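# Chains, contacts and geometry: an overview
For reference, the chains in residue letters:
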Protein chains: 2
Amino acid sequence: MKTVDVCLSPDLIHLYDVTDKVVVVVDILRATSCMTAGLASGVKSITPFENLEQCQRMKTEGYLIAGERNGEKVEGFDLGNSPFDYMDEKVKGKKVAVTTTNGTVAIEKSRRSIEVIIGSFLNISSVARYVLAQKQNVLILCAGWKGKVNLEDSLFAGALVDRIIDQFDYETDAPLLARSGYLQMKDDLLGQIKNSSHARRLNRLNVIKDIEYCLTEDVFDVVPKLKDGELVV
Amino acid sequence: MKTVDVCLSPDLIHLYDVTDKVVVVVDILRATSCMTAGLASGVKSITPFENLEQCQRMKTEGYLIAGERNGEKVEGFDLGNSPFDYMDEKVKGKKVAVTTTNGTVAIEKSRRSIEVIIGSFLNISSVARYVLAQKQNVLILCAGWKGKVNLEDSLFAGALVDRIIDQFDYETDAPLLARSGYLQMKDDLLGQIKNSSHARRLNRLNVIKDIEYCLTEDVFDVVPKLKDGELVV
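The following refers to the structure shown. Each chain has its residues counted from 1, running along the sequence as written. The naming scheme follows written order: chains are lettered A onward, ligands numbered 1 onward. Only residues with pLDDT of at least 70 are given local features in this predicted model, and only at 80 or more are side-chain atom pairs given and counted; all residues enter the totals for whole chains, interfaces and linings. Think of the side-chain values as coming from all heavy atoms in the structure, minus any hydrogens and water.

## Quick look at the relation of the copies chain A and chain B
When the copies are superposed, the least-squares fit draws on C-alpha atoms of residues that have pLDDT of at least 70 in both. Between the two copies, chain A and chain B, the superposition gives an RMSD of 0.0 Å; the rotation angle is 180° and the shift along the axis is 0.0 Å. Interpreted geometrically, this transformation is the action of a two-fold axis. Relative to the rotation axis, the C-alpha of Gly181(A) is the closest in chain A, positioned 2.2 Å from it. The contact definition used throughout considers only heavy atoms, calling two residues in contact when any of these lie within 4.5 Å. Looking at chain A, 100% of its interface residues are interface residues in chain B too, so the copies touch through the same face.

## Side note on the interface of chain A and chain B
Listed as interface residues are 35 residues of chain A and, on the opposing side, 35 residues of chain B. Here's the idea: put two parts together, see how much 1.4 Å probe accessible area each one loses, and the total over both is what we call buried area. Of the roughly 2800 Å² buried between chain A and chain B, counting both surfaces, carbon and sulfur atoms make up 59%. Among the residues chain A hides against chain B, the three largest losses belong to Lys148(A), Asp173(A) and Leu177(A). Together they make up 24% of the total. Here a salt bridge means any side-chain nitrogen of Lys or Arg lying within 4 Å of a carboxyl oxygen belonging to Asp or Glu. The tally of links between chain A and chain B comes to 0 salt bridges. For this analysis, a polar contact is any N or O atom pair within 3.5 Å, provided that within protein one partner can donate a hydrogen and the other can accept it, and provided that sequence-adjacent residues contribute only side-chain to side-chain pairs. Where chain A touches chain B, the interface holds 7 residue pairs in polar contact (both at pLDDT 80 or more). The numbering of helices and of strands both runs from the N terminus, where a helix is a DSSP run of H or I of at least 4 residues and a strand a run of E of at least 2. At the level of elements, α5 (151-164), α6 (174-185) and α8 (197-201) of chain A are the ones that each hand at least two residues to the side of chain A that touches chain B. Element by element, the count of residues in the side of chain A that touches chain B is highest for α6(A), at 8 residues. For the side of chain A that touches chain B, a count of residues per class yields 13 nonpolar, 13 polar and 9 charged. Throughout this entry, Asp, Glu, Lys and Arg are counted as charged residues, while Ala, Val, Leu, Ile, Met, Phe, Trp, Tyr, Cys and Pro are counted as nonpolar. The remaining residues, Gly among them, count as polar.

That's the geometry; what it means functionally is another story.
Here's what the structure looks like:
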């Protein structure tokens, strides 16, 4: 039986052997929600960069550039980190280069895996079906916040574990912890996440609208994958 | 208002500033349960060592030596890592030197804090009362298993958070995750922990007896503290 595991922070990824695993990268607020929404809405590709300057340079190669640091859009960039930015008409058919505080770091740390796919509540059932069909070991990697565990990514991990656990074994306890947190909070995810550190840090009207959207399940039936350094569907 | 935070693994402790915090070190199976039981039962002091050879050398200075690696008692040591070993008549009044896979590492990483105290279900209410009275920032540091998050330490963290959260603020989400896991599992802690990786790894009769004991709340009214490198009450 294949295994499912959860890595609650990129700062723990050194403890996991990713080479025999499909890695589901999760950064609910808001990188992987943006990637899901964008690629499902006609964005041609999304190329993640850890480094802000490298990302910025892609502008000269015809990319739209998207960047966020500490939850704020980077000055002079084309897109911020709202999923609505990624669904705008002007982004359709375009290539996007993106850098984020946590999400792109998590993707970088997963490159040696069998495959990197992008998870969010927006495509959670598609991701669940995909990993069930792949029959490979699965690692759900939470992007967290600057290395620390965050609630929204952990609850997504728990929700995905809950959907697939019958078909997988687990070697460590993180899937059990994430799943029990999800089961405890699932009837009021929005209320709980609004109470979390991230939401309190970014408690502005447009962010609350983003958060509500990012917690909506199964808006899109896509599974973005990293291919030759680009995310595509 | 003072804050409570939870560090789910010693491999994340670099993200926390411990210098303005009381650190509650937790290694439910079984280091901190042993320390609580032993010190409450008449052990004079317990000195933690990361290094096995350093610990062993204390034998020549009149200490009883206690050691565990990968959940097994070290060959030739006086005590293993069952709390019942620490309550034996032969340990009363004695100094104990101890080394464990995870628990002593967590203690070492907390030394720069205001104070290191020892938490377990066996003394959870005493610990809760103590940190409420101290009115300092609190960090609950889970020893985990070789850097990975484990269930029993996370659930203890959640249980302690649940007892004190009305009097503390929280800066990060780990307390929320741990608490929700605890609330979800608290009516069947033993069943859930038996299902965890640690219990499955050590599924032998004497270990199950230890686990049952280590999940018993409020057997002892003590708060072990680190003073000059020794744990005492």
